[in-house]
Amino acid sequence: MAFVSKRMKKMAEGLDLTKAYTVRDAIDVLKSKSTVKFDESVDVAIVLGIDVSKSDQNVRGMVALPNGTGKTVRVAVFAKSEKAADAKVAGADIVGDDDLIEKVSKGFLDFDRVIATPDMMAALGKVAKILGPKGLMPNPKLGTVSTDVKGAVLRAKAGEVEFRAEKGGVVHAGIGKLSFGTDKLAENFKALASAIVKAKPATSKGVFIKKAAISTTQGVGIKLETSEVK
């Protein structure tokens, strides 16, 4: 039996945790139940009707949240010459080529997003086993392998987030901070939900959106109406 703290029990008081809420109503509930003194992150979990063991049912992508995430994203760029200069101008936190690959091979991972130019991908293969498991390996399909380094850095800094289906077909993603307010969080949720629906694999049959919930960093999970995920 799972342990439930007194604080969590108190937060759940007066709530019907079996009820499905609209996104806006759920956000309002989260705001009313928050008792911590810091600005909590708001997270979404969406269960998809896919078989993650099949490669053709992989759901993964990037989406630009209209109101950002409220988090500072440290961006590392693997590029040379002019492209490296473009990355620095765009605001990349770390820029390098073979020297940066060497640092990563020794354990340096002080960044949240990795962007690379196509000509650097062969060399990056040396640290693929380090970056891959952490979800940091650049991928052309996600726009993190690009000749438009400046654009990729600007999007990452502006609040572009990655989503992917994990074990059980669950997608977890943050949509901002509680201080954003209902309107901005609802707009961010809509952008994320739309991107996930558009990423539906052609081979996925039956119900695609099975369940959805929203919660804060230290709050209870609020069930959402699946019709909201469109």
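Residues numbered from 1 in each chain as written. Predicted model: local features only at pLDDT ≥ 70, side-chain atom pairs only at ≥ 80, totals over all residues. Heavy atoms only, no water.

Draft legend 1. Representation of the packing of helix α3 (residues 81-90) against helix α7 (residues 149-158) in the model. Between α3 and α7, the shortest axis-to-axis distance is 8 Å and the interhelical angle comes to 25°. Here α7 runs roughly parallel to α3, going by the angle between their axes. Judged by the sense of rotation from one axis to the other, the crossing of α3 with α7 is right-handed. Residues Lys83, Asp86, Ala87 and Ala90 of α3 form the contact with α7, whose participating residues are Val149, Lys150, Val153 and Leu154. The residue inventory of the contact of α3 with α7, partitioned by class, reads five nonpolar, no polar and three charged. (Axes fitted to C-alpha atoms, helices over the stretch in contact; angles between N-to-C directions. Helix = DSSP H or I, 4+ residues; strand = E, 2+ residues; numbered from the N terminus. Parallel < 35°, antiparallel > 145°, perpendicular 65-115°, else oblique. Left-handed = near helix turned anticlockwise from the far one by under 90°. Contact = heavy atoms within 4.5 Å. Nonpolar A, V, L, I, M, F, W, Y, C, P; charged D, E, K, R; others polar.)

Draft legend 2. The environment of Ser227, seen in detail. Its location among the elements puts Ser227 in the segment after β9 (222-223). Classification of Ser227 by relative accessible area gives partly exposed; the value is 41%. (Buried < 20%, exposed > 50% of the residue type's maximum accessible area, 1.4 Å probe, protein only.)

Draft legend 3. Structural detail: the sheet that holds strand β5 (residues 113-116). Reading across from one edge, β4-β3-β5 is the order of the three strands in this open sheet, with parallel pairing throughout. Each end of this open sheet is capped by a strand with a single partner; those strands are β4 (94-96) and β5. Each neighbouring strand pair of the sheet contributes to a mean axis angle of 15°, computed without reference to strand direction. Looking at chain direction, strand β3 (residues 75-78) and β5 are connected through four bridges and run parallel. In the strand pairing of β5, Phe78 is matched with Ala116. (Pairing = 2+ DSSP bridges.)

Draft legend 4. Looking closely at helix α2 (residues 23-33). All of the buried residues in α2 are Val23, Ala26, Ile27, Val29 and Leu30. The buried residues of α2 all sit within an arc of 160° when viewed along its axis, so they share a single face. Taken together, the buried residues of α2 touch β1 (41-48), α8 (182-198), β8 (209-216) and β9. (Arc of directions from axis to C-beta.)

Draft legend 5. Looking closely at the pattern of salt bridges. Using the criterion set out here, one finds nine salt bridges in the structure. A salt bridge links Asp110 to Arg74; the nearest nitrogen and oxygen atoms lie 3.5 Å apart. Of this pair, Asp110 sits in the loop between α4 (98-105) and β5 while Arg74 sits in the loop between β2 (60-64) and β3, and the two are 36 residues apart along the sequence. Across the salt bridge formed by Asp93 and Lys157, the nearest N and O atoms sit 2.6 Å from each other. Of this pair, Asp93 sits in the loop between α3 and β4 while Lys157 is found in helix α7, placing the two residues 64 residues apart along the sequence. Using a relative accessible area of 34% as the deciding quantity, one classes Asp93 as partly exposed. Take Lys157: its relative accessible area is 32%, and that puts it in the partly exposed class. (Salt bridge = Lys/Arg side-chain N within 4 Å of Asp/Glu carboxyl O.)

Draft legend 6. Highlighting the packing of aromatic side chains. In this structure the tally under the stated criterion is one aromatic pair. Here Lys19 stacks its cationic end above the ring of Tyr21, 4.7 Å away from the centre of that ring. Above the plane of the ring of Phe108 lies Lys103, whose end atom (NZ or CZ) is 4.2 Å from the centre. (Phe/Tyr/Trp six-rings, centres within 6.5 Å; stacked < 30°, edge-to-face > 60°. Lys NZ or Arg CZ within 6 Å of the ring centre and 35° of its normal.)

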